[in-house]
Amino acid sequence: MKIILFSRPQTCRSGEELKRLFDAVEHHGFDYAINSEFAGAASRIAGIEIPADRIYGNEIGAQPEGTVMLCYGGDGTLLEGVHRLDGRELPVIGVNSGHLGFLASAPKENIEAILDDIESGNLKFERRSMLEVSGVPGLGEKRLYALNESAVQRLGATMITIHAYVDGQMTATYNGNGVIISTPTGSTAYSLSAGGPIITPACNCLAISPLSAHNLAIRPLVIPDSSEIKLDIDTRDNPATVSADNRTYEISGDVSLTVRRAQRSIFLAVPHNISFYDTLRNKMMWGVDIRM
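Nothing here was measured: the structure is a model prediction, and the numbers come from that model.

## Regarding the pairing of strand E13 (residues 205-211)
Sheet faces and side chains relate simply in a regular strand, where the side chains alternate between the two faces. Among the seven residues in E13, seven count as buried, and that is most of the element. Along E13, one buried face is formed by Cys 205, Ala 207, Ser 209 and Leu 211 and the opposite face, lined by Leu 206, Ile 208 and Pro 210, is buried too. Pairing analysis gives five bridges linking strand E12 (residues 178-182) to E13, with the strands arranged antiparallel. Note on E13: the bridge partner recorded for Ile 181 is Ile 208. Sheet topology places E13 next to strand E14 (residues 221-224); four bridges connect them, and they run antiparallel. Along E14, the bridge assignment pairs Ile 208 with Leu 221.

Quick look at the structure:
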C-alpha cells in the first residue's frame, strides 16, 4: 500500500512532530511519496532526508491501486492537495495539525490509529462533489475545479454587477462585492462567512450566496446540483477576480462564466467517531452555554 503525503511550507510543525509522522509511516511499512515543499521542510526542521525518487512536484502522476493521499495541515492544505490530484480519484484523508477543521478532521495525535485504519481498510470514505468553472479569460478551454467554492468578487472600491442565470432562466442581478457558488462541502467555508446556508455533505445541491449585495432583499439561493449556472459579469472596467478554492485569476470588463457540478469528484475519509455533525457542533460551539 502507498501513502501520498502532502503538506504546505507554512503549516506549523516541530521536528518531533515530523519525526513521529515519518516513524509511523515507516513502522507500518508503507511505500510513500512526498511533495517537494514538504520534503524540504522535513529536511530543514527535522533533519529527515527524503530520497529523490520519493519526491513529486505539482502533480502526483499515476499511482497504484490502493493508494491514499494523506494531507497534513488544515483545510487549506487539503484543498491544495486535492488540486495536485488533477482529477485522479484517490481517497484523501486530512490530518489536522492545528485547529479543528471541517475537511481535515482527524487529529494529529491519532496518526498511528489513522495509519492502522488505512492498513486494515477500515476507513470510511464519502464522495464529495466538485465545481467546474469555464469561460475564464486567458485560460482558453481550460476548466477550473473547486471542492469548496468559486467566487467572483471586486478588487477596487467600485461595486460590480453580476446577472445570474440558472438553467437559462434569469435568477437575480447582484450589485455589490460579488457572489459565491459553493458545494455542500464548501458551505461551511467562505459561503458561511457571507451568510450562506450550512448544507450537509450528502445533499445534492449548490448554494449561490451574494457578497455585500446593495439590495437587502437579495438572499442566498439553494439549487439542484444538476443545474448549470451562467454568470454575466460587468466589472465596470475595474479589476475583479474569479477564484476556484485557493486559486485566483484577475478579470476585467464584461465576462461570462459557466459553473456546473464537475464530472470529477473526490473521496474524503471520515475518521471513526467523528461525524460532520460532531465537527459542526464542536467548531460552531452549538450547545455551549455562553450566558453570563
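That covers the picture; the talk isn't over yet.
## Side note on the packing of aromatic side chains
Throughout the structure, instances matching the rule amount to four aromatic pairs. Between the aromatic rings of Phe 22 and Phe 38, the centroid separation amounts to 6.0 Å while the plane-to-plane angle is 50°, which identifies the pairing as tilted. One end of the pair, Phe 22, is in helix H1 (residues 15-27); the other, Phe 38, is in helix H2 (residues 36-46), with 16 residues separating them in the sequence. Between Phe 276 and Tyr 277, the aromatic rings sit 5.6 Å apart at their centres with planes inclined by 75°, giving edge-to-face as the arrangement. You can call Phe 276 buried: its relative accessible area is 18%. Here a set of aromatic residues connected by ring pairs shows up, and it is made of Phe 22, Tyr 32 and Phe 38. One cation-aromatic arrangement involves Arg 54 over Tyr 32; the distance from NZ or CZ to the ring centre is 4.3 Å. The ring of Tyr 145 carries Arg 264 above its face, with NZ or CZ at 3.6 Å from the centroid.

## Observations concerning the layout of surface pockets
Space inside the largest pocket adds up to approximately 490 Å³. What lines the largest pocket is a set of 30 residues, among which Glu 126, Arg 127, Arg 128, Pro 201 and Ala 202 lie closest to the centre. Of all elements in the fold, only strand E7 (124-134), strand E18 (254-270) and helix H6 (276-284) reach the threshold of two or more residues within the lining of the largest pocket. No other element matches the eight residues that E18 contributes to the lining of the largest pocket. Considering only residue class, the lining of the largest pocket consists of 13 nonpolar, ten polar and seven charged. Size it by volume and the second largest pocket reaches roughly 330 Å³. Looking at the second largest pocket, it is lined by 20 residues, and the ones nearest its centre are His 83, Asp 86, Tyr 145, Arg 247 and Arg 264. Sorting the residues of the lining of the second largest pocket by element identifies helix H3 (75-85), strand E8 (144-146), strand E17 (247-251) and E18 as the ones contributing at least two each. It is H3 that provides the largest number of residues to the lining of the second largest pocket, a total of four residues.

Parameters at a glance
- Residues numbered from 1 in each chain as written.
- Predicted model: local features only at pLDDT ≥ 70, side-chain atom pairs only at ≥ 80, totals over all residues.
- Heavy atoms only, no water.
- Buried < 20%, exposed > 50% of the residue type's maximum accessible area, 1.4 Å probe, protein only.
- Helix = DSSP H or I, 4+ residues; strand = E, 2+ residues; numbered from the N terminus.
- Pairing = 2+ DSSP bridges.
- Phe/Tyr/Trp six-rings, centres within 6.5 Å; stacked < 30°, edge-to-face > 60°.
- Lys NZ or Arg CZ within 6 Å of the ring centre and 35° of its normal.
- 1 Å grid on protein atoms, 1.4 Å probe; cavity = no way out; pocket = protein on both sides within 12 Å on 5 of 7 lines; lining within 4 Å.
- Points joined across faces, edges and corners; volume = space filled by probe spheres on them.
- Nonpolar A, V, L, I, M, F, W, Y, C, P; charged D, E, K, R; others polar.

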